[in-house]
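Structural characterization, general
Take a look at the letters that make up each chain.
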Amino acid sequence: MRFTPFQKFLGIALLLSAVICLTIHFPLVLSALFEEGNRQPGHHRGSFNIALALLELFSTFLIALFLFLLNYFIIKPFDRNSKLSWKVVLLSLFLTLASVVLIVLVFEWIKSGLELEVRTRRHEDEYLFRSFFGSALVLGCMFIIRLIFQKQTFELENEMLRSEGLQSRFESLKNQVSPHFLFNSLTALKALIPESPALADKYVDHLSGVLRYTLQSNEKMMVTLQEELESTGSYIYLIGMRYDKNLTININIDDRFLNFRLPPLTLQTLLENAVKHNEISSKNPLTIEIRTTSDAQLEIVNPMQLKQSPEEGTGIGLTNLSRQYQLLGGKDISIKQENGNFSVTAPLMEGQSYESAGY
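Residues numbered from 1 in each chain as written. Predicted model: local features only at pLDDT ≥ 70, side-chain atom pairs only at ≥ 80, totals over all residues. Heavy atoms only, no water.

1. A look at the environment of Thr-214
Definition in use: Strands are runs of DSSP state E lasting at least 2 residues, helices are runs of H or I lasting at least 4, and numbering of each runs from the N terminus. For every residue, the accessible area obtained with a 1.4 Å probe (protein chains only) is divided by the maximum for its type, and the residue is called buried under 20%, exposed over 50%, and partly exposed between those limits.
Note on placement: Thr-214 falls in helix 6 (residues 197–216). By relative accessible area, which is 4% here, Thr-214 ends up buried.

Structure representation (structure tokens):
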């Protein structure tokens, strides 16, 4: 049986509420038990003390449990995307203190109605102080629970990210150095050498650039869009030499997104996917659009002109890219087929660089 996050938290809250309750009222319990053991026959004072102790234990337990549940929906300790802002902290403090005052007044009214004991002002102040102390323990436990969960989540996601990153980059490298890729590249190079040695030399430079970037991509989990565009230029040159005028790649990138980040080899993976699955010939030239949208998305669009005999492949390029996005930013790529076009939209992210993959 798999428990939901709330069910797990409820179990933790019940246990911590009981511990807080016994911690706060431990002297009261001992006092009530000793008075009960030492009371004279016919004297019923001890039974009143026992009843009062049980009522205060129960009230403190309920207060603690209520505060745990209240702060669960405010602090959201198990929500990895929830940010703990100062507004959230102030709201938690205010509602916690207000709830404590209200609940204490209600229980004091219940005890006076049951006539368990006529309490002095000092005893009432002590009870209120214990309740506030208990609420402080609850808040402390909530922040500790959130901290532990966030730490464990980040550690787990980092491990998953390392694994997914290694697998994705291995598959990308395997595809790039596959017999098809090497055969096509070397065939084009062989044709260039006798016709244009200078062009062949330039071709070799771009081919080495593609392989070098693929090999070095494990040093970063994310790169800027500008870095990705610069490195993808060599791959575009290679496939451009292969398909000549039959392949057109239009790039329309807003300069304000050049410092936004994305997983390395994203563009190469998406271009490779388009070239691999679509017919490219003089009768059916292919145009691929690479552009950014106003909401910080990278969009790659091409008309669907699928090959009658598609090339063999692993079929997991887009799957791995999707997993990387989910782990890095909690987002995902979007794949659409409409109006005869195939498009992939990849979010661009700010801030986090993940410079070291830790391999």
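2. Brief notes about the pairing of strand 6 (residues 334–338)
Applied cut-off: Strands qualify as paired when DSSP identifies two bridges or more between them.
In the sheet, strand 6 pairs with strand 7 (residues 341–347) via 5 bridges, with the strands oriented antiparallel. Each bridged residue has a counterpart across the sheet, and for Ser-334 the counterpart in strand 7 is Thr-345. Taking the residues that link successive antiparallel strands as the turn, the strand 6-strand 7 hairpin has 2 residues, and the phi of Asn-339 there is positive, at about 55°.

3. Considerations on the packing of aromatic side chains
The cut-off we apply is this: Any pair of Phe, Tyr and Trp rings, taking the six-membered ring for Trp, is counted once the centres come within 6.5 Å. Such a pair is stacked with planes under 30 degrees apart, edge-to-face with planes over 60 apart, and tilted for the rest.
Counted under the stated rule, the structure contains 9 aromatic pairs. Centroid distance Phe-9 to Phe-68: 6.4 Å. Interplanar angle 70°. Geometry classified as edge-to-face. Separated by 59 residues along the polypeptide, Phe-9 in helix 1 (residues 5–38) and Phe-68 in helix 2 (residues 45–75) bring together distant segments of the chain. The class of Phe-9 is buried, set by a relative accessible area of 0%. Considering the side-chain rings of Phe-9 and Phe-78, the 6.1 Å spacing of their centres and the 85° angle between planes classify their relative orientation as edge-to-face.

4. A short note on unusual backbone geometry
Glycine aside, the phi torsion of most residues is negative, and most peptide linkages are trans. Even without a glycine there, the phi angle at Asp-244 is positive, about 55°. Relative to the helices and strands, Asp-244 is located in the loop between helix 7 (225–243) and strand 2 (247–252). Taking the relative accessible area as the measure of exposure, Asp-244 reaches 54% and is therefore exposed. A positive phi angle is found at Ala-296, which is not glycine, with a value near 60°.

5. Quick look at the nonpolar core
Counted only if it meets this: Residues belong to a common nonpolar core when they are buried Ala, Val, Leu, Ile, Met, Phe, Trp, Tyr or Cys residues joined through side-chain atoms within 4.5 Å.
Ranked by size, the top nonpolar core spans 46 residues in total, and within it Leu-247, Ile-288 and Leu-298 carry the most contacts. When residues in this core are grouped by element, the largest group, 6 residues, is from helix 7. With 18 residues, the next largest nonpolar core counts Ala-64, Val-100, Ile-103 and Met-142 among its residues.

6. A short note on helix 8 (residues 266–277)
As a reminder of what qualifies: To estimate how far a helix should reach, multiply one less than its number of residues by 1.5 Å.
Between its terminal C-alpha atoms helix 8 stretches 17 Å, which fits the 16 Å expected from 12 residues at 1.5 Å a residue. Of all 12 residues in helix 8, 11 are buried, a share of seventy percent or more.

7. A word on the pattern of salt bridges
Basically, it comes down to this: Each reported salt bridge corresponds to a side-chain nitrogen of Lys or Arg within 4 Å of a carboxyl oxygen of Asp or Glu.
This model, assessed by the stated rule, comprises 2 salt bridges. As a salt-bridge pair, Asp-254 and Arg-256 come within 2.9 Å of each other at their nearest N and O atoms. Between Arg-291 and Glu-299 there is a salt bridge, and its shortest N-O distance comes to 3.0 Å. A relative accessible area of 17% places Glu-299 in the buried class.

8. Digging into the packing of helix 7 against helix 8
Where we set the bar: Interaxial angle, 0 to 180 degrees, is taken between N-to-C directions of lines fitted to C-alpha atoms, where a helix line uses only the stretch in contact. An angle counts as roughly parallel when it lies under 35 degrees, as roughly antiparallel when it exceeds 145, as roughly perpendicular when it falls between 65 and 115, and as oblique in every other case. By convention, the crossing between two helices is left-handed when the near helix turns anticlockwise from the far helix through less than a right angle, and right-handed when the turn is clockwise. It only takes one pair of heavy atoms within 4.5 Å for two residues to be counted as in contact. As a working rule, the residues Ala, Val, Leu, Ile, Met, Phe, Trp, Tyr, Cys and Pro are called nonpolar, Asp, Glu, Lys and Arg charged, and the rest polar, with Gly in that last group.
In contact at an axis separation of 9 Å, helix 7 and helix 8 are set at 20° when each is read in the N-to-C sense. Here helix 7 is positioned roughly parallel relative to helix 8, judged by the angle of their axes. For the pair helix 7 and helix 8, the crossing hand works out as right-handed. From helix 7, Glu-228, Leu-229, Thr-232, Tyr-235, Ile-236, Ile-239 and Tyr-243 reach across to helix 8, where they touch Thr-266, Leu-267, Gln-268, Leu-271, Glu-272 and Val-275. Its residues assigned to classes, the contact of helix 7 with helix 8 comprises 8 nonpolar, 3 polar and 2 charged.

9. Examining the packing of helix 6 against helix 7
Helix-helix packing: each pair is described by the crossing angle between the helix axes and the interaxial distance. At a minimum axis separation of 9 Å, helix 6 and helix 7 run at an interaxial angle of 130°. With respect to each other, helix 6 and helix 7 are oriented oblique. Every pair of crossing elements has a handedness; the one defined by helix 6 and helix 7 is left-handed. Counting all contacts with helix 6, which are made through Leu-199, Lys-202, Tyr-203, His-206, Leu-207, Val-210 and Tyr-213, the residues of helix 7 involved are Glu-228, Ser-231, Ser-234, Tyr-235, Tyr-237, Leu-238 and Met-241. Among the residues forming the contact of helix 6 with helix 7, the class breakdown is 9 nonpolar, 3 polar and 2 charged.

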